[in-house]
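Spelled out, the chains give:
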Amino acid sequence: MSSPSKRRDMDVMKLMMSDYTVEPINDGINEFNVEFHGPKESPYEGGVWKVRVELPDAYPYKSPSIGFVNKIFHPNVDELSGSVCLDVINQSWSPMFDLLNVFEVFLPQLLLYPNPSDPLNGDAASLMMKDKAQYEQKVKEYCERYAKKEHMDNTLTDDSDVEVSDNEGFSDGRSDSDDEVAGRADP
């Protein structure tokens, strides 16, 4: 079996060679942003998000930390922090998964099948349960306002508005709490 650092390098390289735009942060391989497009045939179609990824030293044995940098309206994504509530990343991560799984399967599934009964964004969850058409309209409004390619051009290269603290922002499933949040730095 290869070492975690070789696997990390291989997974990041595989992501970079795919159709995703990957931008390293601080010239390292442990932190980077990925351009993520909303899934087709969903209210998120046409949206483009910058997703921040932090890889722990023990990756792939420990899950990556994942968070949306630009705003998204979704029951399982905290609107202010971008934290993501996703069991497969926080609770049931396996070294069999790689970064392509995160961007080709896990995040698209999260957007296609929100879980309003386990929300990080109570407003989105409530609206989705009460009036799905109005929820989908608000999702589309957020896509227009915060998740267009021109927003990505500005945010992929400019992290001056993003601050990361050593103690907050990202959770990678290693906390002692039962919280299922994988987050990001506050903009």
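On a predicted model such as this, the values are computed, not experimentally measured, just so you know. For every chain, the first residue of the written sequence is number 1, and numbering continues from 1 onward in sequence order. Note on the predicted model: pLDDT of at least 70 is required for a residue's local features to be given, and 80 or more for side-chain atom pairs to be given and counted; whole-chain, interface and lining totals, by contrast, use all residues. For the side-chain quantities, the full set of heavy atoms in the structure was used; hydrogens and water were omitted.

With that out of the way, let us pick up the overall build of the protein. Runs of E in the DSSP output that reach at least two residues are strands. Runs of H or I that reach at least four are helices, and both are numbered from the N terminus. Secondary structure summary: the protein contains six helices and six strands in total. When the helices and strands of the protein are listed from N to C terminus, the series reads α-β-β-β-β-β-α-α-α-α-α-β. Going through the 187 residues of the protein one by one, you find that 48% of them count as buried. Contacts spanning at least 24 positions in sequence make up 63% of the contacts within the protein whose residues lie at least 6 apart. In this scheme, a residue with accessible area under 20% of its type's maximum is buried, one over 50% is exposed, and one in between is partly exposed, where area comes from a 1.4 Å probe on protein chains only. Whether two residues are in contact is decided by their heavy atoms, any of which lying within 4.5 Å being enough.

To continue, consider the environment of Glu-79. Structurally, Glu-79 can be placed in the loop between strand 4 (65-68) and strand 5 (84-85). Judged by relative accessible area, which is 21%, Glu-79 ranks as partly exposed. When the C-alpha positions of Glu-79 and Ala-124 are compared, they lie 9.2 Å apart, and in sequence the two are 45 residues distant. In this structure, Glu-79 is in contact with Lys-71, Ile-72, Phe-73, Asn-121 and Tyr-142, ignoring residues within four places of it in sequence. Reaching out from Glu-79, the side chain makes a polar contact with the side chain of Tyr-142 at a distance of 2.4 Å. Within 3.5 Å is the distance limit for a polar contact, defined as a pair of N or O atoms, with the added protein rule that one can donate a hydrogen and the other accept it, and that residues adjacent in sequence qualify only through two side-chain atoms.

It is worth spelling out the pattern of salt bridges at this point. For this analysis, a salt bridge means a side-chain nitrogen from Lys or Arg found within 4 Å of a carboxyl oxygen belonging to Asp or Glu. Using the criterion set out here, one finds five salt bridges in the structure. Of the charged contacts, one joins Asp-11 and Arg-7 as a salt bridge, the two residues approaching to 2.8 Å between their closest N and O atoms. With Asp-11 and Arg-7 both in helix 1 (residues 4-17) and four residues apart, the pair spans about one turn of that helix. Just as Asp-11 is buried, Arg-7 falls in that class too. Here Arg-52 makes a salt bridge to Glu-54, at a shortest N to O gap of 3.9 Å. Look at the salt bridges and you will find they share partners, linking Glu-31, Arg-52 and Glu-54 into a network.

So, about the UniProt feature "active site" (unreviewed entry) in the protein. Within this numbering scheme, the UniProt entry marks Cys-85 as carrying the feature "active site" (unreviewed entry). For Cys-85, a relative accessible area of 8% corresponds to the buried category. UniProt positions are given in the numbering used here, feature names are shortened, and annotations may be inferred rather than shown by experiment.

A few words on the sheet that holds strand 1 (residues 22-24). Paired strands, in this sense, are two strands between which DSSP finds at least two bridges. With respect to topology, four strands assemble into an open sheet ordered 1-2-3-4, the strand pairing being antiparallel. The open sheet has two edge strands, strand 1 and strand 4, and neither has a second partner. When the angles between neighbouring strand axes are averaged without regard to direction, this sheet yields 25 degrees. For strand 2 (residues 31-37) and strand 3 (residues 48-54), the ladder comprises seven bridges, and the chain directions are antiparallel. Bridge pairing in strand 3 places His-37 opposite Val-48. Strands strand 2, strand 3 and strand 4 of the sheet are contacted by helix 3 (residues 99-112), whose axis makes an angle of about 50 degrees with strand 2. Fitting a line to C-alpha atoms yields each axis, with helices limited to the stretch in contact; the angle taken between N-to-C directions then spans 0 to 180 degrees.

Our next topic: the pairing of strand 2. Of all seven residues making up strand 2, five are buried, and the element is well covered by its neighbours. Here strand 1 runs beside strand 2; their pairing, made up of three bridges, is antiparallel. Looking at strand 2, one finds that Glu-23 is bridged to Asn-33. Counted along the chain from strand 1 to the antiparallel partner strand 2, the turn is six residues long, and its residue Asn-26 has a positive phi close to 55 degrees.

Further remarks concern the pairing of strand 3. Of all seven residues that make up strand 3, seven are buried, and the element is covered over most of its length. What you see with strand 3 is no split at all: Val-48, Lys-50, Arg-52 and Glu-54 on one side and Trp-49, Val-51 and Val-53 on the other are buried throughout. As judged from the four bridges shared by strand 3 and strand 4, these two strands associate in the antiparallel manner. Residue pairing across strands places Arg-52 opposite Gly-67, the latter belonging to strand 4.

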